[in-house]
Number of protein chains: 2
Amino acid sequence: MSEEFMIEPKGDEFYMQLALREAVKAAEAGEVPIGAVIVKDERVIARSWNQVETLKDATAHAEMLALTSAQSVVGDWRLEGCTVYVTKEPCPMCAGALVHCRPDRVVFGIPDPKGGAAGGWINLLDSNPPLNHKCEMTSGVLQEECLAILQHFFREARAKKKAEKEARKQESSKDPS
Amino acid sequence: MSEEFMIEPKGDEFYMQLALREAVKAAEAGEVPIGAVIVKDERVIARSWNQVETLKDATAHAEMLALTSAQSVVGDWRLEGCTVYVTKEPCPMCAGALVHCRPDRVVFGIPDPKGGAAGGWINLLDSNPPLNHKCEMTSGVLQEECLAILQHFFREARAKKKAEKEARKQESSKDPS
């Protein structure tokens, strides 16, 4: 095959961009904007976004939904050969789930020193023993973009809350009683 | 109302017995026998058993399935006023999920010093901060019964594996080549 037809393998930034698209879907639905995709053999086999409020399920984080979807595609709970891309460092629940599902790699955008479980607060992905699997990790991929969408979401949420409070205040000052 | 008609509030052992029944269903399906029930206002609102192999989903632990089911019954991801009963100490994934779903209490049968995340190996249920919720915990309820069913399962699994190995050995010794 001549060199001009060679297909370059897509890198971490390409797949994190797809995870960011998922995060945008979350923001549009009023959810904390976190997105995830799962890749095997250069192919995206699952994608999802945080749906806690939409599904009224506190376990419906982007990673959890993507993991379940990927397992369904693969037909096995072992996600060997897979890489999970997620816009923010996984929480303890999601990191625990990642260890159970055994992907080769976990790549995330923003580290979370307060509550992250992939090296931020604790590290469940690299704690073998006692857990049964160890994932290779890469942090900081498209970190600025992943952070920007979260910051925008929380800024808007605060502004909305403030406006609602002001409106309630004005309403009660008009109250004739 | 005369005293003989007073209904005694059911205790932890009663509900753990129901979680054990779920564990039996898991064993019957060839799954590691762990069961869970979730109780609110003296009423069982969710019950489930470990279904990792059945659903080919490594996140399908008894607690995770019961939490999702309870949230669906309550119509909210906040499980305030709920108690989760599970036959074995939750793993990091399940403990992380419990913190997200905010039940008042978590009661378990067998402690797991190797990989438990409710005080055995680490403690995610009592780590506030940085996590957003703290669950009251009770360990060791019907511990012997919860352990017996697990031990029986693993003893049978080892015996089955050994028998299969023996059969393969005999088969290969018969091989005329």
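If you look chain A up in an unreviewed UniProt entry, it shows as tRNA-specific adenosine deaminase from Rubritalea tangerina. UniProt, in the comment section headed Sequence similarities (unreviewed entry), describes chain A in these words: "Belongs to the cytidine and deoxycytidylate deaminase family. ADAT2 subfamily." Its UniProt record, at the heading Subunit (unreviewed entry), says of chain A: "Homodimer."

This part covers the sheet that holds strand β5 (residues 136-139) of chain B. Residues and elements named next belong to chain B. If you trace the 5 strands from one edge of the open sheet to the other, you get β2-β1-β3-β4-β5, paired in mixed fashion. The open sheet is flanked by β2 (43-49) and β5, the only strands paired with a single partner. Averaged over all adjacent pairs, the angle separating strand axes in this sheet is 15 degrees, with direction ignored. Here 5 bridges tie strand β1 (residues 35-40) to strand β3 (residues 82-88), and the two strands are oriented antiparallel to one another.

Time to look at the packing of helix α2 (residues 62-74) of chain B against helix α3 (residues 92-101) of chain B. All names here are of chain B. Axis separation between α2 and α3 bottoms out at 9 Å; the angle between their running directions is 20 degrees. Here α2 is positioned roughly parallel relative to α3, judged by the angle of their axes. For the pair α2 and α3, the crossing hand works out as left-handed. Contact with α2, carried on its side by Glu-63, Met-64, Leu-67 and Gln-71, involves Met-93, Cys-94, Ala-97, Leu-98 and Cys-101 of α3 and no other residues of that element. Its residues assigned to classes, the contact of α2 with α3 comprises 7 nonpolar, 1 polar and 1 charged.

Of the transformation placing chain B onto chain A, the axial shift is 0.0 Å and the rotation is 180 degrees, giving an RMSD of 0.1 Å. Each copy turns onto its partner about a two-fold axis. Using C-alpha coordinates, one finds that chain B approaches the rotation axis most closely at Met93(B), a distance of 2.0 Å. When the interface residues of chain B are mapped onto chain A, 100% of them are again interface residues, pointing to one common binding face.

Bringing the interface of chain B and chain A into the picture now. Contact with chain B, which involves 27 residues of that partner, is made by 27 residues of chain A. Between chain B and chain A, a total of about 2,200 Å² is buried, with carbon and sulfur atoms accounting for 71% of that surface. Looking at the side of chain B facing chain A, the largest losses of area belong to Lys56(B), Trp77(B) and His100(B), adding up to 23% of the total buried there. Where chain B packs against chain A, one counts 0 salt bridges. Where chain B meets chain A, there are 8 residue pairs in polar contact (both at pLDDT 80 or more). Within the residue set of the side of chain B that touches chain A, elements represented by two or more residues are α2 and α3 of chain B. Considering each element in turn, the side of chain B that touches chain A owes the most residues, 6 residues, to α3(B).

All names here are of chain A. A contiguous patch of positive charge on the surface is contributed by Lys-161, Lys-165, Arg-168 and Lys-169. Tracing the chain through its elements places Arg-168 in helix α4 (residues 143-174). What makes Arg-168 exposed here is its relative accessible area of 54%.

What follows concerns the environment of Leu125(B). Residue and element names in this part refer to chain B. With respect to the element layout, Leu-125 can be found in the loop between β4 (105-110) and β5. It is 23 Å that separates the C-alpha atoms of Leu-125 and Ala-23, two residues lying 102 residues apart in sequence. Those residues within four positions of Leu-125 in sequence are excluded, and the remaining contacts are Ala-95, Leu-98, Val-99, Val-106, Ala-117, Ala-118, His-133, Lys-134, Cys-135 and Met-137.

Right, let's get into the sheet that holds strand β5 (residues 136-139) of chain A. The strands making up a sheet associate through hydrogen bonds between their backbones, and the pairing can be parallel or antiparallel. All names here are of chain A. Spatially, β2-β1-β3-β4-β5 is the arrangement adopted by the 5 strands of the open sheet, whose pairing is mixed. Every other strand in the sheet has two partners, leaving β2 (43-49) and β5 as the edge strands with one partner each. Sheet twist, expressed as the mean angle between neighbouring strand axes with direction ignored, is 15 degrees. Against the sheet, helix α1 (residues 12-28) touches β1 (35-40), β2, β3 (82-88), β4 (105-110) and β5, its axis set at about 145 degrees to β1. In this fold α4 packs onto β3 and β4, with an angle of close to 60 degrees to the strand it touches most, β4.

All names here are of chain B. Taking 1.5 Å per residue, 32 residues should reach 46 Å; helix α4 (residues 143-174) reaches 47 Å between its end C-alpha atoms and fits that length. Taken as a whole, α4 has its buried residues at Cys-146, Ile-149, Leu-150 and Phe-153. Elements that come into contact with the buried residues of α4 comprise α1 (12-28), β3 and β4.

Residue and element names in this part refer to chain A. Counting buried residues along β4, 6 of its 6 residues qualify, which places the element largely inside the surrounding structure. Bridging between β3 and β4 involves 5 bridges; their strand directions are parallel. Across the sheet, Thr-83 pairs through a bridge with Arg-105, a residue of β4. Traced from β3 through helix α3 (residues 92-101) to β4, the parallel crossover comes out right-handed.

What follows concerns the UniProt feature "domain: CMP/dCMP-type deaminase" (unreviewed entry) in chain A. Following the UniProt record, one finds the feature "domain: CMP/dCMP-type deaminase" (unreviewed entry) at residues 10-122 of chain A. Between the end C-alpha atoms of residues 10-122 of chain A the distance is 30 Å, and the span holds 35% helix and 23% strand.

The next thing to look at is the packing of aromatic side chains. Per the counting criterion, the structure on display carries 6 aromatic pairs over all chains. Ring centres of Phe153(B) and Phe154(B) lie 5.3 Å apart, and the angle between their planes is 80 degrees; on these two criteria the pair is classed as edge-to-face. On the accessibility criterion, Phe154(B) (37% relative accessible area) is partly exposed. A connected cluster of aromatic rings, assembled from ring pairs, spans Phe14(A), Tyr15(A) and Tyr85(A).

Rules behind the numbers
- Residues numbered from 1 in each chain as written.
- Chains lettered and ligands numbered in written order.
- Predicted model: local features only at pLDDT ≥ 70, side-chain atom pairs only at ≥ 80, totals over all residues.
- Heavy atoms only, no water.
- UniProt positions renumbered as here; feature names shortened; annotations may be inferred.
- Pairing = 2+ DSSP bridges.
- Helix = DSSP H or I, 4+ residues; strand = E, 2+ residues; numbered from the N terminus.
- Axes fitted to C-alpha atoms, helices over the stretch in contact; angles between N-to-C directions.
- Parallel < 35°, antiparallel > 145°, perpendicular 65-115°, else oblique.
- Left-handed = near helix turned anticlockwise from the far one by under 90°.
- Contact = heavy atoms within 4.5 Å.
- Nonpolar A, V, L, I, M, F, W, Y, C, P; charged D, E, K, R; others polar.
- Least-squares fit on C-alpha atoms with pLDDT ≥ 70 in both.
- Buried area = accessible area lost by both parts, 1.4 Å probe.
- Salt bridge = Lys/Arg side-chain N within 4 Å of Asp/Glu carboxyl O.
- Polar contact = N/O pair within 3.5 Å; in protein donor to acceptor, adjacent residues only side chain to side chain.
- Patch = residues over 30% accessible without salt bridge, like charges linked within 9 Å, V, L, I, M, F, W, Y side chains within 5 Å.
- Areas by Shrake-Rupley, 256 points an atom, 1.4 Å probe, with all protein chains shown as cover.
- Lys, Arg positive; Asp, Glu negative; His and termini not counted.
- Charge placed at Lys NZ, Arg CZ, Asp CG, Glu CD.
- Buried < 20%, exposed > 50% of the residue type's maximum accessible area, 1.4 Å probe, protein only.
- Expected span 1.5 Å × (residues − 1).
- Right-handed = clockwise from strand over helix to strand, strands pointing away.
- Phe/Tyr/Trp six-rings, centres within 6.5 Å; stacked < 30°, edge-to-face > 60°.

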